[in-house]
Amino acid sequence: VVGGSDDTVDAVGAIGGGPPLRPAGTEDRMRFLCDDGKYNSLERRLYARWMWWLTGVRKPQEYREIYLEHLGELEEALTETPGPFLFGDDITLADIRFVPMLERQIASLLYFKGYDVRDEEEWPHICSWLAAWEARPSYAATKSDHYTHSRALPPQLSGGCSIEDTPEREAAAARIDSLPAGNCSSPWREPGWDRSAPHASRAEAARRLVHGQARIVRFAARAAGTP
């Protein structure tokens, strides 16, 4: 049994059959981006600065500026190779390390801070990178949504998420809060989702709930303890 997300990625990469997740000759760049074995890689530094801004209350403007500086490093890194991904046309370990954290950063910063990372004018290469990921069925089947992340993150962070009291944040939070109702009262749609076949998506969700009913109930009731 392979445990841990990094070990799983390496195990999948070892199977072969596709482009390498650690392309030869990219060791230095890979270490800088995501794999230095410590906390100095860009991915870890960006994660830390996101946490500062998301949970910090003493210096919100300073936390914001430092986070945006690091996000700018990712934007610049995406300009250095051809293709939408960090090493060109194919996904690598670096892309896999970044995307789940960026997904959470985008949702949480919009909901709690009113800041939109998916601004194509400010972050064009990051937006293109996200679009390339979302065009892959394997990613589209596993990605989460803004509403889920906005509810899941606060209990995971013992200190909670600090809310910035601005009209932009209030408007963004209201849009995200309307998602479970299908955005009936708003024309806003969360970016990055293919809504060309909504009925098929609902049918697929229902099939998966029925198929995994026992496991879902067990997971949902885990707080009650073991009888």
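First, a word on scope: everything that follows refers to the structure included in this document. It should be emphasised that the depicted structure is a prediction, and the values quoted were computed from it without experimental measurement.

This brings us to the overall build of the protein. A tally of helices and strands in the protein yields 11 helices and zero strands. For the protein, the α and β elements follow one another from N to C terminus as α-α-α-α-α-α-α-α-α-α-α. With the C-alpha coordinates of the protein rotated into their principal frame, the extents come out at 50 × 45 × 40 Å. The 227 residues of the protein split such that 38% are buried.

Before going further, it helps to spend a moment on the layout of surface pockets. Quantified by volume, the second largest pocket comes out at close to 680 Å³. What lines the second largest pocket is a set of 32 residues, and nearest its centre among them are Ser5, Val9, Leu93, Ile96 and Arg97. Only α1 (5-15), α3 (42-55) and α5 (93-113) provide two or more residues apiece to the lining of the second largest pocket. For the lining of the second largest pocket, a count of residues per class yields 14 nonpolar, eight polar and 10 charged.

As enumerated under the stated definition, the model contains seven aromatic pairs in all. Residues tyrosine 111 and phenylalanine 112 carry aromatic rings whose centres are separated by 4.9 Å and whose planes lie at 75° to one another, so their mutual orientation is edge-to-face. Assigned by exposure class, tyrosine 111 and phenylalanine 112 land together as buried. Clustering of aromatic rings is evident, with ring pairs tying together Trp53, Tyr67 and Tyr115.

Scanning all chains against the criterion turns up one cavity of 30 Å³ or more. Around the largest cavity, the lining comprises 14 residues; the ones closest to its centre are Glu103, Arg118, Glu134, Lys143 and His146. Listed by contribution, the elements that provide at least two residues to the lining of the largest cavity are α5, α6 (124-134) and α8 (146-156). Looking at the lining of the largest cavity residue by residue, the class counts come to five nonpolar, three polar and six charged.

Next up on the list: α5. Under the 1.5 Å per step criterion, the end-to-end length of α5 is 29 Å for 21 residues, consistent within 8% with the ideal 30 Å. At valine 99, α5 shows its largest kink, close to 30°, and the proline proline 100 lies no more than four residues downstream. Among the residues trailing α5, glycine 114 stands out with phi positive, at a value near 80°.

Inspection of every chain in the model, using the stated rule, returns 12 salt bridges. In this structure, aspartate 35 engages arginine 97 in a salt bridge whose closest nitrogen and oxygen atoms are separated by 3.6 Å. Here aspartate 35, found in the loop between α2 (27-33) and α3, pairs with arginine 97, found in helix α5; they are 62 residues apart in sequence, far enough to count as distant. Since its relative accessible area comes to 15%, arginine 97 is described here as buried.

As a further point, take the packing of α5 against α8. Following both chains from N to C, one finds α5 and α8 inclined at 85°, their axes separated by 9 Å at the closest point. Classified by the angle their axes make, α5 and α8 are roughly perpendicular. Listed contacts from α8 to Glu103, Arg104, Ile106, Ala107, Ser108, Leu110, Tyr111 and Phe112 of α5 are His146, His149, Ser150, Arg151, Leu153 and Pro154. Grouping the amino acids of the contact of α5 with α8 by side-chain chemistry returns seven nonpolar, four polar and three charged.

Criteria and thresholds
Residues numbered from 1 in each chain as written. Predicted model: local features only at pLDDT ≥ 70, side-chain atom pairs only at ≥ 80, totals over all residues. Heavy atoms only, no water. Helix = DSSP H or I, 4+ residues; strand = E, 2+ residues; numbered from the N terminus. Buried < 20%, exposed > 50% of the residue type's maximum accessible area, 1.4 Å probe, protein only. 1 Å grid on protein atoms, 1.4 Å probe; cavity = no way out; pocket = protein on both sides within 12 Å on 5 of 7 lines; lining within 4 Å. Points joined across faces, edges and corners; volume = space filled by probe spheres on them. Nonpolar A, V, L, I, M, F, W, Y, C, P; charged D, E, K, R; others polar. Phe/Tyr/Trp six-rings, centres within 6.5 Å; stacked < 30°, edge-to-face > 60°. Expected span 1.5 Å × (residues − 1). Bend = angle between axes of the 7 residues up to and from the residue. Salt bridge = Lys/Arg side-chain N within 4 Å of Asp/Glu carboxyl O. Axes fitted to C-alpha atoms, helices over the stretch in contact; angles between N-to-C directions. Parallel < 35°, antiparallel > 145°, perpendicular 65-115°, else oblique. Contact = heavy atoms within 4.5 Å.

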